[in-house]
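A closer look at the structure
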Amino acid sequence: MKYKAYVVSETDGGFTGEVKDKELAPLGENMVQIEVHYSSVNYKDMLSASGNKGVTRNYPHVPGIDASGIVTASDSDKFQIGDKVLVTGYDLGMNTSGGYQEYIQVPSDWVVALPEGLSLKESMILGTAGFTAGLSVKKIVDSGIKPSHGPVVVTGATGGVGSIAVSILAKLGYEVVAASGKPEKTDYIKDLGASEIIHRKDLDDTSGRPMLRGRFAAGVDTVGGNTLATVLKMMNYGGVVTNCGLVHDDSFTSSVFPFILKGVSLLGIDSVQCPLTTRLQVWTLLAEEFKPNNLDQVLHVIGLNELGDTFKKIKDNKHSGRTIVKIK
């Protein structure tokens, strides 16, 4: 059986992607076959489609680290034909053929039953970005930070993770300070629920001081680098900062003073190898109390043949919100 897939190939001129026909393979042991209805576009997908060997080692390759759809075959007792499911994280779209195709075959341990309260489309509007935002907010909530404790800063607020984090935090009653380098997106960020918008330069301290005046009770950082270092300096006593990204830089320099004088905590967020129990908890929250009120507001819908243009926008820092790929 043939089906459509967005295949990235390595050529003499670099890496190119195009929609091609593939042949459906026999289903392996403990595997689940899913007819993909939706996928989504993430920064990591752009890296894979660009030939980043740190993400994807071998080509030709089908990217797409997210997928939702209907089970069409199963070698596992966990899932039956007709089940609505989603897959995010693990190796999907990295070195395993990903969600930018009409069918995927993945280990049953990677598959999550679609929680009540989410449609297949909504689950991909969230996708890895929403799951990562949900993990970040859950860490802050579980750390005891309440809305009454003060503002929460979100960096990279127009990106996939940042925009959904703003929405979730605002829905939970937090005062959200959104940091962005895109002044033209001010209305968009306010509509997500941000109470205040600051320029990303305001979180790029070069004074050399080990700490700054406390301003935030918590922070969701998606960019790393000196932005993360500055956010740590600006925490109130007992503040909590989560980090899930490196758009700005994969390293940062900080003194120990925020940690030993203000009791600040820096919490890492991993959405790839996250344990299944936590994964189920977060997806349940995203379908219920964490579910953003404005999911469609952060949404662009494209087809497989539009992926190349979308990846270019991400490279050029001209992409905002969430883009999903309608497969079925």
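Up top is the structure these notes are about.
To start, this report covers the structure provided alongside it.

Conventions and cut-offs
Residues numbered from 1 in each chain as written. Predicted model: local features only at pLDDT ≥ 70, side-chain atom pairs only at ≥ 80, totals over all residues. Heavy atoms only, no water. Helix = DSSP H or I, 4+ residues; strand = E, 2+ residues; numbered from the N terminus. Rg over C-alpha atoms; globule rule 2.2 N^0.38 Å. Contact = heavy atoms within 4.5 Å. Areas by Shrake-Rupley, 256 points an atom, 1.4 Å probe, with all protein chains shown as cover. Lys, Arg positive; Asp, Glu negative; His and termini not counted. Charge placed at Lys NZ, Arg CZ, Asp CG, Glu CD. Buried < 20%, exposed > 50% of the residue type's maximum accessible area, 1.4 Å probe, protein only. Salt bridge = Lys/Arg side-chain N within 4 Å of Asp/Glu carboxyl O. Polar contact = N/O pair within 3.5 Å; in protein donor to acceptor, adjacent residues only side chain to side chain. Pairing = 2+ DSSP bridges. Axes fitted to C-alpha atoms, helices over the stretch in contact; angles between N-to-C directions. Core = buried A, V, L, I, M, F, W, Y, C linked by side-chain atoms within 4.5 Å. Phe/Tyr/Trp six-rings, centres within 6.5 Å; stacked < 30°, edge-to-face > 60°. Lys NZ or Arg CZ within 6 Å of the ring centre and 35° of its normal. Expected span 1.5 Å × (residues − 1). Bend = angle between axes of the 7 residues up to and from the residue. Disulfide = S-S within 2.5 Å. Patch = residues over 30% accessible without salt bridge, like charges linked within 9 Å, V, L, I, M, F, W, Y side chains within 5 Å.

1. Here's the deal with the overall build of the protein chain
In terms of regular secondary structure, the protein chain is built from eight helices and 15 strands. Rg of the C-alpha trace for the protein chain: 20 Å, near the compact-globule value of 20 Å for 328 residues, within the 12% margin. Once local pairs closer than 6 in sequence are excluded, the contacts in the protein chain between residues at least 24 apart make up 70%. Carbon and sulfur atoms make up 48% of the accessible area of the protein chain, which totals about 14200 Å². Computed over 33 positive and 36 negative side-chain charges, the inter-centroid distance for the protein chain is 5 Å.

2. Topic: the side chain of Arg279
Relative to the helices and strands, Arg279 resides in helix H7 (residues 276–287). We note that Arg279 is buried and unpaired, the nearest opposite charge coming from Asp270 at a distance of 6.4 Å. In terms of polar contacts, Arg279 uses its side chain to reach the side chain of Tyr90, at 3.5 Å. When neighbours within four sequence positions are excluded, Arg279 is seen to be in contact with Thr88, Gly89, Tyr90, Val112, Phe131, Ser271, Val272, Gln273 and Cys274.

3. Some points on the sheet that holds strand E8 (residues 152–154)
In space, the six strands of this open sheet follow the order E10-E9-E8-E11-E12-E13, with parallel pairing throughout. Taken across any chain shown, the strands that pair with only one partner, and hence form the sheet edges, are strand E10 (196–199) and strand E13 (265–268). The mean inter-strand angle of the sheet, taken between neighbouring strand axes irrespective of direction, is 20°. Sheet analysis places E8 next to strand E9 (residues 176–180), joined by three bridges and oriented parallel. Bridge pairing links Val153 to Val177 in E9.

4. Considerations on the nonpolar core
The biggest cluster of nonpolar side chains holds 48 residues, and the ones touching the most others in it are Val166, Leu169 and Trp283. Broken down by secondary-structure element, the contributors of at least two residues to this core are helix H2 (120–142), E8, helix H3 (160–171), E9, helix H4 (186–192), strand E11 (216–221) and H7. Looking at this core, the element that brings in the most residues is H2, giving ten residues. The next biggest cluster of nonpolar side chains, apart from the first, holds 34 residues, and it includes Val36, Tyr59, Val85 and Tyr90.

5. Details of the packing of aromatic side chains
Enumeration according to the criterion identifies seven aromatic pairs in this entry. Look at Tyr90 and Trp110: their rings are 5.6 Å apart centre to centre, the planes differ by 5°, and that puts the pair in the stacked class. One end of the pair, Tyr90, is in the loop between strand E5 (84–88) and strand E6 (103–107); the other, Trp110, is in the loop between E6 and strand E7 (112–113), and 20 residues separate them in sequence. A residue is classified by how much of its surface remains accessible, and Tyr90, at 13% relative accessible area, is buried. Taken together, the ring pairs in this structure connect Tyr6, Tyr100 and Phe311 into an aromatic cluster. For Lys185, the ring lying beneath its charged end belongs to Tyr188, and the centroid distance is 5.9 Å.

6. Section: H2
With 23 residues, H2 ought to run about 33 Å at 1.5 Å a step, yet its terminal C-alpha atoms sit only 28 Å apart, falling short of that. Considering bend angle alone, the principal kink of H2 is centred on Gly127 and spans about 70°. The element H2 is largely enclosed, with a buried count of 18 among its 23 residues. Among the residues trailing H2, Gly144 stands out with phi positive, at a value near 95°.

7. Points about the environment of Leu47
Locating Leu47 in the fold gives a position in helix H1 (residues 43–49). Sequence spacing of Leu47 and Val85 is 38 residues, and the spatial spacing of their C-alpha atoms is 26 Å. Residues within four places of Leu47 in sequence aside, it is in contact with Asn52 and Val55.

8. A few points about the environment of Tyr6
Mapped onto the fold, Tyr6 is located in strand E1 (residues 2–11). Every residue in contact with Tyr6, bar those within four places of it in the chain, is listed here: Gly17, Glu18, Val19, His61, Val62, Pro63, Tyr100, Leu304, Leu307, Gly308 and Phe311.

9. As for the state of the cysteines
Evaluated as defined, the whole model comprises zero disulfides. Cys274 supplies the cysteine sulfur nearest to Cys244, a cysteine that is in no disulfide, at a spacing of 13 Å. Owing to a relative accessible area of 24%, Cys244 belongs among the partly exposed residues under this scheme.

10. Comments concerning a nonpolar patch on the surface
On the surface, a nonpolar cluster with roughly 610 Å² of combined accessible area is contributed by Phe252, Val256, Phe257, Phe259, Ile260, Leu261 and Leu266. For the nonpolar patch, the element with the most residues is helix H6 (residues 257–261), which contributes four residues. In this structure, Phe259 sits in helix H6. A relative accessible area of 31% places Phe259 in the partly exposed class.

Just distances and angles here, no functional claims.
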